[in-house]
Amino acid sequence: MLRYIARRLLYSILVLVIISLLTFLIFVKLPAGDPARRAVGRRTDPVQIANARRAFGLDKPLIVQYGRFAKGLIPFPKTFLSEDVYYSFSNYLPVREEIWRRLPVSAILGTGVAVLWLLIGIPLGIASGVRPRS
């Protein structure tokens with residue numbers, strides 16, 4: 001039993017690493033355009049773009065960038081969603097502030113969907129239980 005639990009924990013850690021890697025690649029590396037160029041504006045010189053790349057850590061190797069990204073996902077004080085790594089290139093705000101600002105609306109939407117799901121799911125479950133194989 002202990003062996004089974006240990007194997008499941010290792011698989012779950014592997015799945016979390018793969019999901020974080022895919023998230024990093026999709027949201028950080030795949031968007032078109034250079035994030036440093038978007039952050040400093042269109043009419044800039046190469047020195048300002050280089051400074052922005054250095055400030056955002058985009059001049060470092062890909063594995064180092066992923067390491068900074070993954071370190072910020074671990075919920076420890078001063079590392080979880082740290083402002084030096086998790087920074088919105090479009091709104092110029094730390095991501096943590098964006099999440100807290102939009103959390104009430106997301107909670108309301110999630111609660112509404114859960115209520116709707118229960119209102120539809122429970123009657124459908126009862127109907128399918130009353131009439132098996134139908």
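Shown above is the structure to which this text applies.
An account of the accompanying structure is given in this report. Only a predicted model underlies this, so the values are computations on that prediction, with no experimental measurement involved. (Residues numbered from 1 in each chain as written. Predicted model: local features only at pLDDT ≥ 70, side-chain atom pairs only at ≥ 80, totals over all residues. Heavy atoms only, no water.)

1. Some details on a nonpolar patch on the surface
Part 1 of the reasoning: On the surface, a cluster of nonpolar side chains totalling about 770 Å² of accessible area is made up of Y11, L14, I18, L22, I26, F27 and L30.
Part 2 of the reasoning: You can see F27 is positioned in helix α1 (residues 2–29).
Part 3 of the reasoning: Judged by relative accessible area, F27 falls into the exposed class, the value being 62%. (Patch = residues over 30% accessible without salt bridge, like charges linked within 9 Å, V, L, I, M, F, W, Y side chains within 5 Å. Areas by Shrake-Rupley, 256 points an atom, 1.4 Å probe, with all protein chains shown as cover. Salt bridge = Lys/Arg side-chain N within 4 Å of Asp/Glu carboxyl O. Helix = DSSP H or I, 4+ residues; strand = E, 2+ residues; numbered from the N terminus. Buried < 20%, exposed > 50% of the residue type's maximum accessible area, 1.4 Å probe, protein only.)

2. Topic: the side chain of Q65
Part 1 of the reasoning: Assignment of secondary structure puts Q65 in helix α4 (residues 62–71).
Part 2 of the reasoning: There is a polar contact of 3.3 Å between the side chain of Q65 and the backbone oxygen of L58.
Part 3 of the reasoning: Contacts of Q65, omitting those with residues within four sequence positions, involve F24, K29, G57, L58 and K60. (Polar contact = N/O pair within 3.5 Å; in protein donor to acceptor, adjacent residues only side chain to side chain. Contact = heavy atoms within 4.5 Å.)

3. Focus: the nonpolar core
Part 1 of the reasoning: The biggest cluster of nonpolar side chains holds 5 residues, and these are F24, Y66, F69, L81 and Y86.
Part 2 of the reasoning: Filtering out sequence-adjacent residues up to four positions away, F69 remains in contact with S20, T23, F24, V85 and Y86. (Core = buried A, V, L, I, M, F, W, Y, C linked by side-chain atoms within 4.5 Å.)

4. Structural notes on the environment of A127
Part 1 of the reasoning: As for its position among the elements, A127 is in helix α5 (residues 95–130).
Part 2 of the reasoning: A C-alpha to C-alpha distance of 48 Å links A127 and S88, two positions 39 residues apart in sequence.

5. Considering the packing of aromatic side chains
Part 1 of the reasoning: Under the definition given, this model contains 3 aromatic pairs.
Part 2 of the reasoning: Considering the side-chain rings of F24 and Y66, the 5.6 Å spacing of their centres and the 65° angle between planes classify their relative orientation as edge-to-face. Taken together, the residues F24 in helix α1 and Y66 in helix α4 connect sequence positions 42 residues apart. Accessibility assignment for this pair places F24 and Y66 in one class, buried.
Part 3 of the reasoning: Here the aromatic rings of F24 and F69 are separated by 5.4 Å at their centres, their planes lie at 50°, and the arrangement is tilted. Placement of F24 in helix α1 and of F69 in helix α4 is noted, with a sequence separation of 45 residues between them. We note that F24, like F69, is buried.
Part 4 of the reasoning: Among the aromatic residues, those joined into a cluster by ring pairs are F24, Y66 and F69. (Phe/Tyr/Trp six-rings, centres within 6.5 Å; stacked < 30°, edge-to-face > 60°.)

6. Notes on the packing of α1 against α4
Part 1 of the reasoning: Contact pair α1 / α4: the axes reach a minimum separation of 11 Å and the direction vectors enclose 110°. As judged from the angle between their axes, α1 and α4 are roughly perpendicular. When you trace α1 past α4, the crossing you get is right-handed. Of the residues in α4, those touching α1 at V17, S20, L21, T23, F24 and K29 are L62, Q65, Y66 and F69.
Part 2 of the reasoning: Considered class by class, the residues forming the contact of α1 with α4 number 6 nonpolar, 3 polar and 1 charged. (Axes fitted to C-alpha atoms, helices over the stretch in contact; angles between N-to-C directions. Parallel < 35°, antiparallel > 145°, perpendicular 65-115°, else oblique. Left-handed = near helix turned anticlockwise from the far one by under 90°. Nonpolar A, V, L, I, M, F, W, Y, C, P; charged D, E, K, R; others polar.)

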